[in-house]
Amino acid sequence: MNVRKAMLAVTASFIVILYVVISFPLMMIAKKLQRKHRWLVWVPLVQIVYFVYIAGKPLWMIILFLIPVFNVFLPLFLLDNILKLLKKPRWLIILFLVPGVNIFTLWYLAISRT
């Protein structure tokens with residue numbers, strides 16, 4: 001029983017740390033792009049809505065996240081728009097497709113100068 005509690009604690013800690021590691025650079029990118037209400041990045045489901053807002057696209061595009069084929073390609077489309085707004089090369093999208101590297105790429109976008 002103690003092993004289960006320990007595993008649950010480790011898993012929960014990992015999820016919280018991962019959430020912070022992803023949400024903080026999104027907030028910094030929103031700040032770079034001078035978006036309002038940056039704190040909304042920290043609200044779990046609202047984060048998807050705010051991601052569309054950061055990319056500068058209309059909010060009706062959130063509906064596309066509910067369609068099976070579109071929900072795979074829409075984040076890449078939104079990242080492409082964010083890269084354009086930050087004046088970064090479009091080939092960085094390839095790095096977002098590599099698990100683990102995508103977090104470092106997100107931090108690169110947050111820390112680098114525009």
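In what follows, the structure referred to is the one given above.
Residues numbered from 1 in each chain as written. Predicted model: local features only at pLDDT ≥ 70, side-chain atom pairs only at ≥ 80, totals over all residues. Heavy atoms only, no water.

Undergrad: Explain unusual backbone geometry to me, please; I cannot follow it from the model alone.
TA: Phi angles above zero are rare outside glycine, and Gln 34 is one such case at about 55°. Mapped onto the fold, Gln 34 is located in the loop between helix 1 (2-32) and helix 2 (46-54). Here the phi dihedral of His 37 falls at roughly 55°; this positive angle occurs in a residue that is not glycine. Relative to the assigned elements, His 37 resides in the loop between helix 1 and helix 2. (Helix = DSSP H or I, 4+ residues; strand = E, 2+ residues; numbered from the N terminus.)

Undergrad: Sorry, what's going on with the nonpolar core here?
TA: What tends to happen in soluble globular proteins is that the nonpolar side chains get buried as a cluster. Among the nonpolar cores identified, the biggest contains 25 residues, and Ile 29, Ile 54, Leu 78, Ile 82 and Leu 109 are the most heavily contacted of them. Listing elements by their share of this core, those giving two or more residues are helix 1, helix 2, helix 3 (70-86), helix 4 (92-96) and helix 5 (101-111). When residues of this core are assigned to their parent elements, the largest contribution, six residues, is made by helix 3. With residues near it in sequence (within four places) discarded, Leu 109 still touches Ile 29, Lys 32, Leu 83, Leu 86, Lys 88, Leu 92 and Phe 96. (Core = buried A, V, L, I, M, F, W, Y, C linked by side-chain atoms within 4.5 Å. Buried < 20%, exposed > 50% of the residue type's maximum accessible area, 1.4 Å probe, protein only. Contact = heavy atoms within 4.5 Å.)

Undergrad: Hey, could you run me through the side chain of Thr 105 in this one?
TA: Counting through the fold element by element, Thr 105 comes out in helix 5. According to the relative accessible area criterion, Thr 105 is buried, its value standing at 5%. Setting aside chain neighbours within four positions, we find Thr 105 in contact with Leu 92, Leu 95 and Phe 96.

Undergrad: Even after reading the chapter, I still don't get the pattern of salt bridges, so can you show me in this structure?
TA: Once the charged atoms of two side chains with opposite charge are near each other, the side chains can pair. Scanning all chains against the criterion turns up two salt bridges. With its nearest N and O atoms 3.6 Å apart, the salt bridge here joins Lys 84 to Asp 80. Here Asp 80 and Lys 84 lie together in helix 3, a separation of four residues that amounts to about one turn. Residue Arg 90 is joined to Asp 80 by a salt bridge in which the shortest nitrogen-to-oxygen separation is 2.8 Å. Here Asp 80 lies in helix 3 and Arg 90 lies in the loop between helix 3 and helix 4, a separation of 10 residues in the sequence. With a relative accessible area of 7%, Asp 80 lands in the buried category. Three or more residues are tied together by salt bridges with common partners; here these are Asp 80, Lys 84 and Arg 90. (Salt bridge = Lys/Arg side-chain N within 4 Å of Asp/Glu carboxyl O.)

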